[in-house]
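# Notes for the structure review
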Amino acid sequence: MTDVAIADPDLHTGEEPILREATFNPKVRTYWLLTGAFVLTVSIVGIPLLIFWFPIGYALTGRYLERVRCVLTEKNLHVARGVLVRQEKTVPLDKITDLAMSHGPIMRQLGLRGLSVETAGQSGPGSLIKLVGIEGTEEFRAAVLAQRERVGGAGGGSAALAPATAAEGEASVESAKLLSEIRDSLLRIEKRLGDDGGG
C-alpha cells in the first residue's frame, strides 16, 4: 500500500462513479482519545503514559480523521484509512453479508455510531471493516444496502448466491425448515407468555 498525498483523491475507485461518500463527525476524535485513555488506564502500566497520550493522541486522531475515507460506488464499497501505514480496501457489494451498527456508552454520549462491514468468505471472526463516527450512519447503511440489492437484482448477486451443488441445495432447504420451526416455536412461546400475562 502506498501513502498518497491528501490533496489527491487517494481512494482508487477506478472508473466507477461515486454514488455517496461518508463524512465523519469530528466528535470521533474525542471517542478515540477516551478509548485510548481507557486502554492505558486498564493496563495499569500505561497510566504514566496518559500525560503523553492526550497531546500525541490529539494530533494523531486529527491526522487520521483527515485521512479516513469511505466511498460507495455502483459495485463496490471503498475504504481508505491510516496515517503511517495506509490501508485501502475494496469490498464488492455482492459479497457484503451484513452491515451492523453499534454504539456503546461513550458513543451514545457523543452521538456516534459504529458501522461494521462483514463479507462472505472473510478470514477469521468479526468484521472485515469497522468505522466509527460516520455522519448519518443509518442513512449511509441504507444506501449501501439498497445499492447491494440493485447489484444483486441485476443478476450479479443471484449467481453468487445460487447453490453450487445439489447437496448445498438440500442443506439450504433443511436450514429453511429449521428456521421455520424455530420461528413457530418462538411464536407459540410468545403467545403463551401473552396469555399468562393477561391472566
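Below: a short report on this structure. No experiment lies behind these values; they were computed from the predicted model shown.

To continue, consider unusual backbone geometry. One non-glycine residue, Ile-44, adopts positive backbone phi at about 65 degrees. Along the polypeptide, Ile-44 turns up in the loop between α1 (28-42) and α2 (50-67).

With antiparallel pairing, four strands are arranged side by side in an open sheet as β1-β2-β3-β4. In this open sheet, the two strands that pair with only one neighbour each are β1 (18-21) and β4 (87-92). Averaged over all adjacent pairs, the angle separating strand axes in this sheet is 20 degrees, with direction ignored. Here three bridges tie β1 to strand β2 (residues 69-73), and the two strands are oriented antiparallel to one another. Its bridge partner being in β2, Ile-18 is matched across the sheet by Thr-73.

With that out of the way, let us pick up the packing of aromatic side chains. Scanning all chains against the criterion turns up one aromatic pair. Summarising the aromatic geometry, the rings of Trp-32 and Tyr-64 are spaced 5.1 Å apart at their centres and angled 90 degrees between planes, so their arrangement reads as edge-to-face. Taken together, the residues Trp-32 in helix α1 and Tyr-64 in helix α2 connect sequence positions 32 residues apart. Arg-29 extends its terminal NZ or CZ atom over the ring of Tyr-58, reaching a point 3.8 Å from the ring centre.

All right, on to the sheet that holds strand β7 (residues 129-132) then. Strand order in the open sheet made by the three strands is β5-β6-β7, with antiparallel pairing throughout. Looking at the sheet topology across the chains shown, the edges are occupied by β5 (96-102) and β7. Ignoring strand direction, the axes of neighbouring strands in this sheet form an average angle of 15 degrees. Looking at chain direction, strand β6 (residues 114-119) and β7 are connected through four bridges and run antiparallel.

Bringing α2 into the picture now. For α2, with 18 residues, the first-to-last C-alpha span of 25 Å sits near the 26 Å given by 1.5 Å per residue. In α2, a bend of some 30 degrees at Ile-56 exceeds every other bend along the element. Among all positions in α2, only Leu-50, Gly-57, Thr-61, Gly-62, Leu-65 and Arg-67 are buried. Buried residues belonging to α2 abut α1, β2 and β3 (76-81).

Reading the values: the criteria
- Residues numbered from 1 in each chain as written.
- Predicted model: local features only at pLDDT ≥ 70, side-chain atom pairs only at ≥ 80, totals over all residues.
- Heavy atoms only, no water.
- Helix = DSSP H or I, 4+ residues; strand = E, 2+ residues; numbered from the N terminus.
- Pairing = 2+ DSSP bridges.
- Axes fitted to C-alpha atoms, helices over the stretch in contact; angles between N-to-C directions.
- Phe/Tyr/Trp six-rings, centres within 6.5 Å; stacked < 30°, edge-to-face > 60°.
- Lys NZ or Arg CZ within 6 Å of the ring centre and 35° of its normal.
- Expected span 1.5 Å × (residues − 1).
- Bend = angle between axes of the 7 residues up to and from the residue.
- Buried < 20%, exposed > 50% of the residue type's maximum accessible area, 1.4 Å probe, protein only.
- Contact = heavy atoms within 4.5 Å.

By themselves these figures say nothing about function.
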